[in-house]
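Listed here are the chains, written in short residue letters.
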Amino acid sequence: MGILHSLIAQGWPPKSKFNVQDIPDMSGKIVIVTGANAGLGKETAKALLAKNAKVYMGCRSEEKGNAAIEELFKETGKRGILLRFDLGDLKSVKAGAEEFLSKEKELHVLFNNAGIMAVPVSELTTDGYDLQFGVSVIAHFYLTKLLLPTLMHTATLSPDGKARVVNTASLAHEFVSPIDFNTFKDCPQRRKLSTDQLYAHSKLGNVIFATELARRYGDKGIVSTSLNPGNIRTDLQRHLKGLRSFIIDCIVHDAPYGALTQLYAGTSPEGASFNGKYLIPWARIGTATPVSQNPKAGTDLWNWLEEQVKDI
């Protein structure tokens, strides 16, 4: 009943009380959006640029990133800044963070937006992790870890004493419990699962990480949230085929809707009080699954993630 209720309530949400026009002026604010060349990331970057933020657009492809920057410049009159790194390669993530830190001393909002779904189970990251979990969880954990000192410093300078980390998860986090550490790296147990199950684990990982970040750093000015952006038509579905693709296409909304909830978390004045919250479409506070809020699950995942990135 719980999942069915979520599917209906979040799949067909009421009209949003928050719109991009409600975003306050972002002049002087420095923001990173991962996966900013397409889909939700591109729409998020567009809205932020229109409100005068300095937006670093994290992209794997320099060509696609530059094309998105030019397109958004034509639409907003403001130019994003390419931050090229590959979330499927932790050394590349480190290089991207170092490039940003060589240019900026502050970071007001980090949108951990990028993700992938429905990829073949055989696909792994450069470092040998499940591709969906590696990109969505491990890479974003590492990026956040590298940028945390700057985020905390920025919080001390901000009028509200806050800096924000917004983690794009999914309703799919409700489909698995508990999180299975055997899904993170390639092994026989992992290969028995479907790509959908692996995707659900990656989204559960997003929520657990965001919640644990809130626990650990909330008293240092970090506001960490996670969210379900809604059923959105983006490049994320590019691997879907046949009837499945057709069914999904019938229940999805256009990308601008999907950006609303993360923009609400990342920019609204009330968002400064959302530490540890899980948001649902459109721009509402929701309830994540109990396992995603379990402190032991948070500690276990955090410790595991720390172990994976300690020698990079």
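Computed from a predicted model, the values in this text were never measured in an experiment. In every chain, residue numbers begin from 1 and rise along the written sequence. It should be noted that, the model being predicted, local features are given only for residues of pLDDT at least 70 and side-chain atom pairs only at 80 or more, the latter also being counted only at that level, while totals for whole chains, interfaces and linings use all residues. Side-chain calculation: all heavy atoms of the structure are included, whereas hydrogens and water are not.

All right, on to the environment of Val-165 then. Segments assigned H or I by DSSP are reported as helices when at least four residues long, segments assigned E as strands when at least two residues long, and all are numbered from the N terminus. Following the sequence through the fold, Val-165 ends up in strand 5 (residues 163-168). What makes two residues a contact is simply this: any of their non-hydrogen atoms within 4.5 Å. When neighbours within four sequence positions are excluded, Val-165 is seen to be in contact with Leu-110, Asn-112, Thr-144, Leu-151, Leu-213, Ile-222, Val-223, Ser-224 and Thr-225.

When you tally the buried positions in strand 5, you get six out of six residues, the bulk of the element. Neither face of strand 5 is left uncovered, since the one carrying Ala-163, Val-165 and Asn-167 and the one carrying Arg-164, Val-166 and Thr-168 both have all their residues buried. Pairs of strands are assigned from DSSP output, requiring at least two bridges between the strands. Of the pairings in the sheet, the one linking strand 4 (residues 109-112) to strand 5 comprises four bridges and is parallel in character. Bridge assignment links Phe-111 to a residue of strand 5, and that residue is Val-166. On the question of chirality, the crossover connecting strand 4 to the parallel strand 5 by way of helix 5 (residues 131-157) is right-handed. Of the strand pairs in this sheet, strand 5 and strand 6 (residues 222-227) are connected by six bridges, and their pairing is parallel. Paired with Arg-164 across the bridge in strand 6 is Val-223. Burial here depends on accessible area, computed with a 1.4 Å probe over protein chains only, as a share of the maximum for the residue type. Under 20% is buried, over 50% is exposed, and the range in between is partly exposed. Throughout, right-handed denotes a crossover for which the path from the first strand over the helix to the second runs clockwise when the strands point away from the viewer.

Okay, the packing of helix 2 (residues 39-50) against helix 3 (residues 62-76) next. The convention used is that axes are lines fitted to C-alpha atoms, helices contributing only their stretch in contact, and that angles between N-to-C directions extend from 0 to 180 degrees. One way to put it is that helix 2 packs onto helix 3 with a least axis distance of 10 Å and a crossing angle of 40 degrees. On the basis of their axis angle, the class for helix 2 and helix 3 is oblique. Read as a crossing pair, helix 2 and helix 3 show a hand that is right-handed. When helix 2 is examined against helix 3, the residues Lys-42, Ala-45, Lys-46, Leu-49 and Ala-50 are found in contact with a partner set consisting of Glu-71, Leu-72, Glu-75 and Thr-76. By the convention adopted, Pro, Cys, Tyr, Trp, Phe, Met, Ile, Leu, Val and Ala count as nonpolar, Lys, Arg, Asp and Glu as charged, and the other residues, Gly among them, as polar. Here the residues of the contact of helix 2 with helix 3 are counted per class, giving four nonpolar, one polar and four charged. Small angles under 35 degrees read as roughly parallel and large ones over 145 as roughly antiparallel, with 65 to 115 read as roughly perpendicular and the rest as oblique. For any helix crossing, the convention is left-handed if the near helix is rotated counterclockwise from the far helix by under a right angle, and right-handed if that rotation is clockwise.

The strand order across the open sheet formed by eight strands is 3-2-1-4-5-6-7-8, and the pairing between neighbours is mixed. Taken across any chain shown, the strands that pair with only one partner, and hence form the sheet edges, are strand 3 (81-84) and strand 8 (284-285). Where helix 3 meets the sheet, it contacts strand 2 (54-59) and strand 3, and its direction lies at approximately 160 degrees from that of strand 3. Helix 7 (residues 195-217) contacts strand 4, strand 5, strand 6 and strand 7 (278-280) of the sheet and is inclined by roughly 160 degrees relative to strand 6.

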